Amino acid sequence: MSRAPHSAAYPALRLRRTRASAWSRSLHAEHRIGPQDFLWPLFVTEGTGVEEPIASLLGVSRWSVDGIVARAKEARDAGIPCLALFPNTQAERRSDDGKEALNPDNLMCRAIRAIKDAVPDIGILTDVALDPYTAHGQDGLLDASGYVVNDATVEVLIAQSLNQAAAGADIIAPSDMMDGRVGAIRAALEQDGHHNVQIMAYAAKYASAFYGPFRDAVGSRGLLKGDKKNYQMDPANGAEALREVALDLAEGADSVMVKPGLPYLDIVARVKDAFDVPVFAYQVSGEYAMIEASAAAGAGDRDALVLETLMAFKRAGCSGVLTYHALHAARLLNG
Ligand code: PBG
């Protein structure tokens with residue numbers, strides 16, 4: 001009887017050795033996650049004392065500004081460094097040109113000011129795109145054929161960015177995917193004296209089926225006709241994401257984002273390898289819903305699913321993750 005040949009290394013090398021006990025696994029962990037890795041997206045709505053649960057985003061609500069301030073305090077106390085704000089604009093304030101985005105007293109600006117007032121030590125990231133403000137649910141201005149026009153939209157995005165920066169936003173995050181907007185917004189911020197207001201570019205943002213619950217949350221799903229495929233990226237493309245990132249960095253982005261998250265970790269890893277700049281990922285609403293549905297169906301342990309997916313982002317090279325699980329995960333990790 002001949003025995004199976006050993007590899008040259010075995011049995012001297014047994015990779016299971018370091019996995020044998022919890023202390024050893026902890027000692028050998030290549031990556032760690034903590035509350036400091038999370039940005040927490042929050043949805044703002046009108047009123048006082050208002051909480052509106054979002055049916056397709058189980059466990060996530062829209063909050064009126066006072067509730068947003070309360071969430072900001074919870075986030076700070078849990079060690080989360082930054083919030084990401086999104087408004088649910090009242091229907092009567094939506095228009096084809098989305099001009100409510102430029103109102104210095106719009107929901108976003110009031111939320112920013114209230115947070116800065118009550119919780120000055122937490123960062124605020126604000127989304128720049130017109131979809132929460134347009135009557136048609138697209139991210140920009142439309143021509144007669146319904147096409148989202150690039151350069152005229154960029155002009156509005158500049159004004160939107162300055163409006164948010166004036167209210168106190170710390171990170172401007174253009175999510176619209178117009179060409180040239182990062183450079184244009186950077187130039188305007190500099191000119192207005194907002195030298196330390198950062199830009200986190202949604203650099204590689206895909207036309208994804210995972211955004212459904214978010215569109216419910218900001219109230220644009222029912223309004224949106226068609227899709228966003230002539231500005232958001234084709235899920236078939238990887239190399240093109242590197243071009244998008246290169247352009248946004250050249251135009252002055254301080255950090256870049258890949259979105260959605262889990263289905264696009266290959267993009268995160270390629271961007272990190274190619275540019276070695278701060279890379280963030282957005283674990284988007286549909287991903288959150290998938291994890292919640294999986295846990296509710298008994299297919300997996302919720303807390304374990306949450307922490308494993310968040311660790312995957314760190315392993316792929318992310319500096320941080322935008323996740324609706326931020327507060328829950330932070331509290332789990334804080335013990
Ligand atoms: C708006 C925007 C979207 C998301 C973030 N900013 C939706 C879209 O592009 O249609 C999606 C976030 C999520 O699904 O959690 N431009």
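Shown above is the structure to which this text applies.
What this report covers is the structure whose coordinates are included nearby. Since this is a predicted model, take the numbers as computed values, not measurements. The numbering scheme is per chain: residues are counted from 1 as the chain's sequence reads. Predicted model: local features are reported for residues with pLDDT of at least 70 only, side-chain atom pairs are reported and counted for 80 or more only, and whole-chain, interface and lining totals are derived from all residues. Water and hydrogen atoms were dropped before computing side-chain values, which therefore reflect all heavy atoms in the structure.

A few words on the site of the ligand. We call a residue near a molecule or strand as soon as one heavy atom of that residue lies within 4 Å of the molecule or strand. The local shell around the ligand holds 17 residues, among which Lys 205, Lys 228, Lys 259, Ser 285 and Tyr 324 are the closest. Under the rule applied, a polar contact is a pair of N or O atoms within 3.5 Å (in protein, one hydrogen donor and one hydrogen acceptor; residues adjacent in sequence only if both atoms are side-chain atoms). Interatomic distance of 2.7 Å between a side-chain N/O atom of Lys 228 and an oxygen atom of the ligand. Only the protein chains shown count as covering a residue, and every accessible area follows the Shrake-Rupley method with a 1.4 Å probe. Protein contacts shield 100% of the accessible area of the ligand, which totals 400 Å² for the unbound molecule. When grouped by side-chain class, the residues that make up the shell around the ligand number seven nonpolar, three polar and seven charged. Put simply, Ala, Val, Leu, Ile, Met, Phe, Trp, Tyr, Cys and Pro go in the nonpolar bin, Asp, Glu, Lys and Arg in the charged bin, and everything else, Gly too, in the polar bin.

With that out of the way, let us pick up the nonpolar core. Core analysis: the largest hydrophobic core is formed by 78 residues, its most contacted members being Leu 83, Leu 85 and Ile 115. Secondary structure elements follow DSSP: runs of H or I of four or more residues count as helices, runs of E of two or more count as strands, with numbering from the N terminus. Element by element, the count of residues in this core is highest for helix α4 (residues 150-167), at seven residues. Throughout, a contact is declared for two residues whenever any of their heavy atoms are within 4.5 Å. Here Ile 115 is in contact with Ile 68, Val 69, Ala 72, Leu 83, Leu 85, Pro 120, Ile 122 and Ile 124, once residues within four sequence places are set aside. We call a set of buried residues a nonpolar core when its members are Ala, Val, Leu, Ile, Met, Phe, Trp, Tyr or Cys and they connect through side-chain atoms within 4.5 Å of each other. Whether a residue is buried, partly exposed or exposed follows from its accessible area with a 1.4 Å probe, protein chains only, as a fraction of its type maximum: under 20%, in between, or over 50%, in that order. One finds Leu 57, Phe 86, Leu 125 and Phe 280 within the second-largest nonpolar core, a separate group that totals 24 residues.

This brings us to the side chain of Asn 163. Position of Asn 163 relative to the elements: it lies in helix α4. Residue Asn 163 is classed as buried on the basis of its relative accessible area of 10%. Apart from the residues within four sequence positions on either side, Asn 163 is in contact with Ala 101, Leu 102, Asn 103, Pro 104, Asn 106 and Cys 109.

A separate point is the environment of Ala 326. You can see Ala 326 is positioned in helix α11 (residues 326-334). As a C-alpha pair, Ala 326 and Pro 35 span 291 residues in sequence and 7.4 Å in three-dimensional space.

Residues of helix α5 (residues 181-191) that are buried: Arg 181, Val 182, Ile 185, Arg 186, Ala 188 and Leu 189. Down the axis of α5, the smallest arc covering the buried residues is 165 degrees, so these residues share one side. Those residues of α5 that are buried are in contact with β5 (123-128), α4, β6 (171-174), β7 (198-205) and α7 (239-250). In the segment just after α5, Gly 193 is the residue with positive phi, at about 85 degrees. It is the directions from the helix axis to the C-beta atoms that the arc portrays.

Right, let's get into the pattern of salt bridges. The salt bridge criterion pairs a side-chain nitrogen of Lys or Arg with a carboxyl oxygen of Asp or Glu, the two atoms within 4 Å. As enumerated under the stated definition, the model contains 18 salt bridges in all. Between Arg 62 and Glu 52 there is a salt bridge; the shortest N-O distance is 2.9 Å. On the criterion of sequence distance, the pair formed by Arg 62 in strand β3 (residues 61-63) and Glu 52 in strand β2 (residues 51-53) is long-range, its members being ten residues apart. We classify Arg 62 as buried; its relative accessible area is 15%. By relative accessible area, which is 26% here, Glu 52 ends up partly exposed. Linking Asp 170 and Lys 116 is a salt bridge whose minimum nitrogen-to-oxygen distance equals 2.7 Å. Separated by 54 residues along the polypeptide, Asp 170 in the loop between α4 and β6 and Lys 116 in helix α3 (residues 107-118) bring together distant segments of the chain.

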